[in-house]
Amino acid sequence: MEVINGLNLKDTELRLGLPGAQEEQQQEVSCVRSNNKRKNNDSKEESALPPAKTQIVGWPPVRSNRKNNNNKNVSYVKVSMDGAPYLRKIDLKMYKNYPELLKALENMFKFTVGEYSEREGYKGSGFVPTYEDKDGDWMLVGDVPWDMFSSSCQKLRIMKGSEVPPAL
Amino acid sequence: MNYFPDEVIEHVFDFVTSHKDRNAISLVCKSWYKIERFSRQKVFIGNCYAINPERLLRRFPCLKSLTLKGKPHFADFNLVPHEWGGFVLPWIEALARSRVGLEELRLKRMVVTDESLELLSRSFVNFKSLVLVSCEGFTTDGLASIAANCRHLRDLDLQENEIDDHRGQWLSCFPDTCTTLVTLNFACLEGETNLVALERLVARSPNLKSLKLNRAVPLDALARLMACAPQIVDLGVGSYENDPDSESYMKLKAAIKKCTSLRSLSGFLEAAPHCLSAFHPICHNLTSLNLSYAAEIHGSHLIKLIQHCKKLQRLWILDSIGDKGLEVVASTCKELQELRVFPSDLLGGGNTAVTEEGLVAISAGCPKLHSILYFCQQMTNAALVTVAKNCPNFIRFRLCILEPNKPDHVTSQPLDEGFGAIVKACKSLRRLSHSGLLTDQVFLYIGMYANQLEMLSIAFAGDTDKGMLYVLNGCKKMKKLEIRDSPFGDTALLADVSKYETMRSLWMSSCEVTLSGCKRLAQKAPWLNVEIINENDNNRMEENGHEGRQKVDKMYLYRTVVGTRMDAPPFVWIL
């Protein structure tokens, strides 16, 4: 448990789930992305850098449009779920493929998404993940290759079974 | 003054324009209150829930310009859920019903809908100016109504809003008869822009002084736009990917040379590094430069540009400029008043960017500096003491060390003494944000010396309730206090309830205040709205004694004359 100056940084850590949920999600953002250009291996400095640094909600105090602009490695999109009282935001660049994304969404909103098949979309749960692409069209998550999806996804919406048109 | 007829007094009041002064005038006597309220045209409301539109209109029936602010400041950093509140529609509906002659509306951190924009555009014949800052909830369809229906539109200024871009034709909704535009800023739109409509609009707007484009406007379009608007004073460049040998680049250079009135440059939202040199010919006139979105431009190109900008008063830049770059700024920009250095590498792990050395260099070289926002990796007390000595005129001082709780990197001490030096020296300081390792001591200094302080942002600082008490007791002019992740609790919160009547608002998140503490406060102060924002369904706030000791995740309180608001979502509990 990381305790700095009496503050338990874990309490303020950004996690993809409601507080209290088990965290299995990716935590090592700073390690994975850390593009260590420092030639002199200042290992003392490195180990002092808490992984929680990059994961505290709202820290550093920079508006999200700046974060998205400067860090091409970060891409926050809004996620809505039919019936949920408020929206969430996730960083698409934290995931490398569809299963990772879907698992994170399932944890965030406490639902399961069913089996995907190209022919029939998602079957078995009544929840269907959709996204808005750059043209403004609402598409089913999973049809196109991951990279194409993550660069064109503007928004996510998890539709509930009753609203899903029969064609899907 | 009793011997003058009302018209004379009113004429005198016309020269008094600041809100503070007008508010003061209205308190002198009943007769002045009356004269003032009928002659007031501009009203500023810092918290849209402190008052309601009906009371506003009753007091100021001749209102022409209204400024409204909604969500608390920490909403900028995702600490406030989107649906918290700040809806502008009821205000516009009330203003429309009253038939007041609204000409100008400025909104910050409010939820705006297409419906409200449509209503706005249809209800006020003389509507001239719409400024939206950090708002959300609307689309380009709303913009289309404004364009189509506001016959005398002068300003459409969209700053950092979240707008759903339907890639529609809102720009072509400006009728051909619309020739009155002075300001057009749509830099925050993400979608495509109808370039033909844009060019025709600019060409028929001879009064256009401020034009800020979004990233969808490419280089050749920029050249044509600048050629149509050589009178431009304030330009925001969209995309700037260019081949320096191309014809469009040559045309751009020629057009830029003709823009002799250009004083302010910004944008470069998608920019190739070598593009800035086209602007060198007009740099000597620039007073304002904002390159904080130009992530792809590296230090050396920035420095080359800045070396030409000797008259710069305002500079917003990324920390990729480095300490060396800031030294160039310090030696070139002797007129500099405001500097903002934003972080470029938020995931950490590489370049050291800027340190205390850059800050010291700026303070030494720029005697007129009064506002600073500085994101850096490290700081020392010695540097802050030097900065305080060099620049005792700070009005706004915001320092953000990226790693929370980081001490002085040379002495490993807290940064109390450094910030103490700042508040002691800067007698006009109105706004302060501090960071790094800080104990209760820094708050003792703030309470003792920061007499003019109106806004204080605290994060990961302090040891005990004493810290917060020093501030509440000492800072007589405090208006907005926002605190996160600091160990302040009920004792500090409840020590002086009447203090909150003199303040606009208090935000506390991830602190030690409990539900029962907040309830006691709400009981003692019925003129306060004490809001608990509770995003955890699992942690439902219960009424009984045990749960009262539960810590509150987010509390926002503000003075109000209109009681509890009716539009709060279910996860906001107003005590």
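Refer to the structure printed above.
Attention here is on the structure that accompanies the text. (Residues numbered from 1 in each chain as written. Chains lettered and ligands numbered in written order. Predicted model: local features only at pLDDT ≥ 70, side-chain atom pairs only at ≥ 80, totals over all residues. Heavy atoms only, no water.)

Observations regarding the environment of B:S116
Residues and elements named next belong to chain B. Rules: Runs of H or I in DSSP of at least four residues are treated as helices and runs of E of at least two as strands, each being numbered from the N terminus. We call two residues in contact when some of their heavy atoms are within 4.5 Å.
Its place among the elements puts S116 in helix α6 (residues 114-123). In the structure, S116 is positioned 22 residues away from F138 in sequence and 9.0 Å away in space, judged by C-alpha atoms. Those residues in contact with S116, other than ones at most four positions away along the chain, are V88, L89 and I92.

Considering a nonpolar patch on the surface
All names here are of chain B. Let me state the cut-off plainly: Candidate patch residues must exceed 30% relative accessible area and have no salt bridge, after which like charges are joined if within 9 Å and Val, Leu, Ile, Met, Phe, Trp or Tyr side chains if within 5 Å. The Shrake-Rupley method, run with a 1.4 Å probe, gives the accessible areas here. Residue values count only the displayed protein chains as cover. One side-chain nitrogen of Lys or Arg within 4 Å of one carboxyl oxygen of Asp or Glu is enough to make a salt bridge. Each residue's exposure class comes from its accessible area (1.4 Å probe, protein chains only) as a fraction of the maximum for that residue type: buried when under 20%, exposed when over 50%, partly exposed otherwise.
Nonpolar side chains collect at one region of the surface, where F4, V8 and V12 lie side by side and expose about 240 Å² of accessible area between them. Checked against the element boundaries, V12 lands in helix α1 (residues 6-13). By relative accessible area, V12 is classed as partly exposed at 37%.

Structural notes on unusual backbone geometry
Cis rather than trans, the peptide bond between A:W59 and A:P60 has omega equal to -5°. Turning to its location among the elements, A:P60 is positioned in the loop between α2 (43-48) and α3 (64-70). Of note, A:K110 is a non-glycine position whose phi angle comes to about 55°, a positive value. Summarising the element assignment, A:K110 is placed in the loop between α4 (98-109) and β5 (115-117). Backbone geometry places B:S510, a non-glycine residue, at a positive phi of 55°. Within the secondary structure layout, B:S510 lies in the loop between β20 (505-509) and α19 (515-524). Of the residues examined, B:S510 reaches a relative accessible area of 30% and is grouped as partly exposed.

What to know about the pattern of salt bridges
Taken as a whole and judged by the stated rule, the model has 29 salt bridges over all chains. One salt bridge in this structure joins B:R97 and B:E54, with 3.8 Å as the shortest N-O distance. Of this pair, B:R97 sits in helix α5 (residues 89-98) while B:E54 sits in helix α4 (residues 53-59); the two residues are 43 residues apart in sequence, bridging distant segments of the chain. Residue class for B:R97 comes out exposed when judged on its relative accessible area of 60%. B:E190 is the partner of B:R215 in a salt bridge, and the nearest nitrogen-oxygen pair spans 3.9 Å. Here B:R215, found in the loop between β9 (210-212) and α9 (219-228), pairs with B:E190, found in the loop between β8 (183-185) and α8 (195-203); they are 25 residues apart in sequence, far enough to count as distant. A relative accessible area of 53% means that B:E190 is categorised as exposed. Taken together, the shared-partner salt bridges connect A:R63, A:R66, B:D76, B:R109 and B:E160 into one network.

Coordinates in, geometry out; function isn't part of it.
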